Structures are given as structure tokens and as C-alpha cells.
Amino acid sequence: MKDNKQKLELTWIGKHSAEYNIANIEPRILQENPELSNCQNDENTENKIIHGDNLLALKSLLPEFEGKVKCIYIDPPYNTGNAFEHYDDAVEHSIWLSLMKPRLELLRLLLSEDGSIWISIDDDESHYLKVLCDEVFGRDNFVSNVIWQKKFSPQNDAKWLSDNHDHILVYAKNKQIWRPNLLPRSDEMNLRYKNPDNDPRGLWVSSDMTVKTYSPAYDYPIQTLLGNLIKPTKGRCWFTSNEKMQALITDNRVWFGESGKNTPRIKKFLSEVKDGITSMTIWTYQEVGHNQDAKKEIKILFGDDVFETPKPEKLIQRIIHLASNENDLILDSFLGSGTTAAVAHKMNRRYIGIEMGEHAYSHCKVRLDKVIAGEQGGISKALNWQGGGAYKFYELAPSFITKDEFGNSVIDAFYNDAKLIQAMCKLMNFKYQPSQEQYWKHGVSSGKNYLFVTTQILTCALVAQIASHLGENETLIICSKNFESGADKIDARISVKKIPQSVLKSCNFGKKEYLLPIKESKALEELSENEFEESGDE
Ligand SMILES: C[S@@+](CC[C@H](N)C(=O)[O-])C[C@H]1O[C@@H](n2cnc3c(N)ncnc32)[C@H](O)[C@@H]1O
């Protein structure tokens, strides 16, 4: 019988283009640039800043970091305005969605089972992005649409309404498992607790004891301390049975006001409330900062070398606090001026930041160097940040395959023997993990599958020798530039593949980058610095 079930999904021109299929994205090796790293404090730091296109970089991270990232925050270009003058609007939106989809798919694979992803977006694309995310992460894993108040006063020259919020879409990898941390209780909240009756259990606040879900059994009169009877207001009832209410009254947990004859209220003790509060979904600028705060933070760090679209450190701190604990791994693949990395660093998280622009050098690196030196902007004072820590700076290696002068596909000259081994591990989706004991174990994948890469001619004798050391449940793939006839038939647990022929069709080589449409905002350019200050606008 024909399956007539239709999937609810967003479609657009080019949605299923092979070019953007994650299987076809080339996983590159990451090349550390020791001159740009800052790891005197910790040679073994796992913190990474990667300069390059994030689609390529995310694919490159997959063999090592699949299922390892606790919290992802991204702040992609919002796709407002015209990025491509010669395209019509529908095509531009389609390109944006086509380029976001594979990035989201890779980010999902990188998330740990108890991880979550937080995506900043504005009105223009947020609802399309929500439907796309439902498809990628599963609608059941949608947690919330947080509203962040990014501006503090109206922009009076706005033609229609003055937009003063961004959306932050939140998805869990698995909503059944993921739980956010609580937010710390503020002093202001604690000040509401008093102790007018000198209760030995300490400070308390009183709250209503009636509920609107009516039950006749919970609708009874309560006798006050002065003897008068009080019933719940019409249509409501008490929140518990008469018997349990009497126990609460005996335990001095019900408050009848100073006079002793008011409508009873339940006492809630500070010592008994949760050690924090559940985050709400509207985040005001007083709590987490606004765009101007972010710009001021950038100005203090970089003087006039401004960055147009930073986020305030407090906003990112809130996200990292809710979604992770110390030492967890945080990822931001649209790092911009480096806010997420700087905040994660100060909060003692491990992090990976990816940024394609020149500001990877001019902003991300410079900012983290200042953080390590004890910079006191942003959230530093609140955390008593004293400096320290380390990171390593990486570039994406060139494509593995290039064309020679005759148009043949050959391995790029960049790949010497050591790099070739690493690249083959990535291309075969093995984690590069050379064994100290067995020289022929260069990479490992799930279970006991190993990879050996050699540029020598592989002889039958060598395969037989390796086979004699291979464990019972172990399997091995040997990638070599050439092998003796019969070397691929020595042992059923060992398969032999040729380099580069075996990987030539595994992905698209030679792509420099997969650019998202990034617009230049006219409105932004036209506003002067003073107008910014006055309007609280971007
Ligand atoms: C809105 S900004 C992020 C700002 C950041 N949240 C901050 O606080 O500074 C977006 C960043 O994504 C970067 N970006 C855009 N496309 C990218 C790509 N394909 N790969 C890596 N970075 C990219 C841009 O260069 C820009 O710096």
C-alpha cells in the first residue's frame, strides 16, 4: 500500500543539493599556528580558535568531537537586507537556508546526548529557522524561544515598529535528558523574605493558598487564630485537603496576618526554596545587557577598531551558565569578536571557536590574549577573574586533492607523510590516535577498527606480519600508495585501499569555502555614533 503520510517540512530551491550534503563536505586537518597560540600556561590546552569556513571546520571536527559538545551557541549572519544584488529575495532566502542546514546537521552530530544548542536570530529569518531546526533537531527537542531585549529605547525613525528584541532558539539534543541549571537568586529576591513572627526556621514570604482548579473536597472553611471562619473566594478552593491544612497550621506554616484573622497564606521559607531560580524566557537588558553594552565592551578592548555585531558578555554568560558546568566543552562556529570564547574561558569551560574573517586574528586572538592577561571588562569583575589559561590557534589545511598540470587529481604538495596520515584518518572518519605500541595503528574508529597509512609499497609479508599481531575482534584498513599483488587477500580482517584513489569520490575536494550571504546594513552605516548612544539601537 502506498504511504500517503506527508512530512511537515519547509522546502526551498536547492534544499537537497548534493553540494551541501554533509557527506560531501571535505574534512580537513587542522594546522596549529604556534606563533598565534597562547599556551605558555598550559601546553596541553584543549581550547581551540580555528580560522576558516565553519562548514569545512565543523566537518573536520567530527571524527574527534562527535557527541562531545555540551553547549553550542551560534550567532550567524541574520540575512537581512540584500546580500546579493542580482538575486531575487526568494533565491537569497533559499541560499541562506541551504547553507544553514548542513551546518546545523553537523552541529547536531557534535552535541552530546545531554547537550543543547542556542541560536541567536532576528525576526527576518527566525520563523523559517525554527521550522528548519525542527527538522534537524526534532520538534520534540525544541525547548524555548528566548526573547532577548537587545535595545533599551525606541528607534523613532523606524518606518513601522521599532524592533527591540532578538530571538534565541533553544534545542536540546535529547529533551528527555537535558535539564538547564538554575539561575542564582538575586539579592533583590532574597530581600522579599522577612520574619515578622520570629519563626526559628528563619526568613519567609507568604503566598496564596487557593487554586482555580476547583475540587469540592478542597472547599472548606478554615478557622483563623481569632476564631473567625474563612472560605476560599467563589470558584476557587484551597490547594490541599482539610487534614493536611490542619497539620500545616499546627506546624505554624500558615500566616493569618499581623492581626491573626486575615485570609490564610502559606509561609515559604528561604531555607527551603530551591537553591536558584528557573530561567524565564524573556531576558531583559537589565539582566543580560543590550547591544550598546556589547559595543562598549568591544570599544574598551579594541578602541576604534570596532566590530559591528558583538553580543554582551552577560548574555553569553547566562547561556553558558544554564547549559553547562565547569570543564564542559562549548562551541561557537560564528565567533565574531570572540565573545563566546572569552566568556567560556573566564567561566572555566573548554571551548572551540571558529571564525572565517580577518577578525579571527585582529579580535578573537587579541581578546583572548587580554583575557589570559587578566582583562577586567565584561563579566570579569563579577567572576573575580584573575587571568590565566591558554588556547591554541589553528588554520584549516588546504584541500587534500588538487589538479596537476595535466588535469589529473593528485595529493596536494602540502601533505608530507605525517600530514598525509592525519588527513587519511579524517577522510576515512577515523580518530587520529597513533598507538605507542603498534606502529601500524594510526587511527581508531568505533569499536576495534583501526587504520594504517603508509606511503611505502605494501608487501604481502608485511600484511602477514601485521595480521599475526591483530587481536581477535580487531579489524584494520591499510591505506597505501601501492601494494604487492595478493597483499589485499592475506587476512579477512584486513582490507587494503589505494591512496588517493580510494578517497577521490568520498567528498568534494577543492572547495575553498561555503559562504553564507552576509549583507552590509545600510541603516547601520548611516547612523552616527551619537545616534547610537541616544537610541540604544544597533
Ligand atoms: C553576527 S557575527 C557573531 C558575533 C559574535 N556573537 C560576537 O559576539 O562577536 C557573525 C560572524 O560569523 C562569521 N561568519 C560568517 N560566515 C562564516 C563562515 N562561513 N565561517 C565562519 N565564520 C563565519 C562572520 O565573519 C561574523 O564574524
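Since the structure is predicted, the reported quantities are computational estimates derived from the model, not experimental observations. (Residues numbered from 1 in each chain as written. Predicted model: local features only at pLDDT ≥ 70, side-chain atom pairs only at ≥ 80, totals over all residues.)

Counting buried positions along strand β17 (residues 392-396) yields four of five residues, so the element is predominantly enclosed. Two strands pair when backbone bridges link them, and strand β1 (residues 30-32) and β17 are joined in this way by three bridges, in the antiparallel orientation. If you follow Glu 32 over to β17, its bridge partner there is Tyr 394. (Buried ≥ 20, exposed ≤ 12 C-beta atoms within 10 Å, placed from the backbone. Helix = DSSP H or I, 4+ residues; strand = E, 2+ residues; numbered from the N terminus. Pairing = 2+ DSSP bridges.)

Turning our attention to helix α3 (residues 123-137). For α3, with 15 residues, the first-to-last C-alpha span of 21 Å sits near the 21 Å given by 1.5 Å per residue. The largest bend in α3 amounts to roughly 30° and is located at Leu 129. Listed as buried for α3 are Glu 125, Leu 129, Leu 132, Cys 133 and Phe 137. (Expected span 1.5 Å × (residues − 1). Bend = angle between axes of the 7 residues up to and from the residue.)

Before going further, it helps to spend a moment on the sheet that holds strand β12 (residues 254-255). Read across the open sheet, the three strands follow the order β7-β13-β12; overall the sheet is antiparallel. Bordering the open sheet on either side are β7 (204-207) and β12, each of which pairs with just one other strand. Where β12 lies against strand β13 (residues 265-269), two bridges are found, and the strand directions are antiparallel. Note that in β13 the partner of Trp 255 across the bridge is Arg 265.

Formed by 102 residues in total, the largest nonpolar core has its most connected members in Ile 49, Ile 72, Trp 118, Ile 320, Met 424 and Leu 451. For this core, the element with the most residues is helix α2 (residues 89-110), which contributes eight residues. When residues are assigned to domains, this core turns out to be shared by domain 1 (30-179 + 278-396) and domain 3 (401-503), each giving three or more. Sequence-distant contacts of Met 424, defined by excluding residues within four places in its chain, comprise Leu 451, Val 453, Cys 479 and Ile 499. (Core = buried A, V, L, I, M, F, W, Y, C linked by C-beta atoms within 7 Å. Domains from an automatic or database assignment. Contact = placed C-beta atoms within 7 Å.)

The subject of this paragraph is the domain arrangement of the chain. When cut into domains, the chain gives domain 1 (30-179 + 278-396), domain 2 (187-274) and domain 3 (401-503). A straight line from the C-alpha centre of domain 1 to that of domain 3 covers 37 Å.

Taken together, 19 residues lie near the ligand, and Phe 334, Gly 336, Ser 337, Thr 339 and Met 356 sit nearest. Within the shell around the ligand, the residues separate by chemical class into nine nonpolar, six polar and four charged. (Near = placed C-beta within 6 Å. Nonpolar A, V, L, I, M, F, W, Y, C, P; charged D, E, K, R; others polar.)

Two orientations exist for strands paired in a sheet by backbone hydrogen bonds: parallel and antiparallel. Taken in spatial order, the ten strands make up an open sheet running β1-β17-β2-β16-β15-β3-β4-β6-β5-β14, and their pairing is mixed. Either end of the sheet is taken by a strand with one partner, and the two such strands are β1 and β14 (282-283). Direction of pairing for strand β4 (residues 111-121) relative to strand β6 (residues 165-172): antiparallel, over a ladder of six bridges. Note on β6: the bridge partner recorded for Ser 120 is Ile 168. Packed on one face of the sheet, helix α9 (residues 339-346) meets β2 (48-51), β3 (69-74), β15 (329-332) and β16 (350-355) and runs near 170° to β16. Running over the sheet, helix α10 (residues 359-372) touches β2, β16 and β17 and is turned about 170° from β2. (Axes fitted to C-alpha atoms, helices over the stretch in contact; angles between N-to-C directions.)

This part is about the confidence of the model for the chain. When the pLDDT values of the chain are averaged, the result is 91; 93% of them are 70 or greater. Low confidence marks residues 82-87, where pLDDT is under 50. Its contacts with residues over four positions away, or in another chain, come to eight contacts. This model gives residues 520-538 a pLDDT under 50, and the stretch forms 19 contacts once residues within four places in sequence are excluded. (pLDDT = per-residue confidence, 0-100.)

Bringing α9 into the picture now. Because each turn of an α-helix spans 3.6 residues, side chains separated by three or four positions in sequence point in the same direction. The buried count for α9 comes to eight of eight residues, which makes it a mostly enclosed element. For α9, every residue scored as buried is listed here: Thr 339, Thr 340, Ala 341, Ala 342, Val 343, Ala 344, His 345 and Lys 346. At the C-terminal side of α9, Asn 348 shows a positive phi close to 60°.

Attention shifts here to the packing of helix α8 (residues 313-323) against α9. Following both chains from N to C, one finds α8 and α9 inclined at 60°, their axes separated by 9 Å at the closest point. Taken as axis vectors, α8 and α9 run oblique relative to one another. The two elements α8 and α9 meet at a crossing, and its hand is right-handed. Contact residues: α8 offers Glu 313, Ile 316, Gln 317 and Ile 320, while α9 offers Thr 339, Thr 340, Ala 342, Val 343 and Ala 344. Tallied by class, the residues present in the contact of α8 with α9 amount to five nonpolar, three polar and one charged. (Parallel < 35°, antiparallel > 145°, perpendicular 65-115°, else oblique. Left-handed = near helix turned anticlockwise from the far one by under 90°.)

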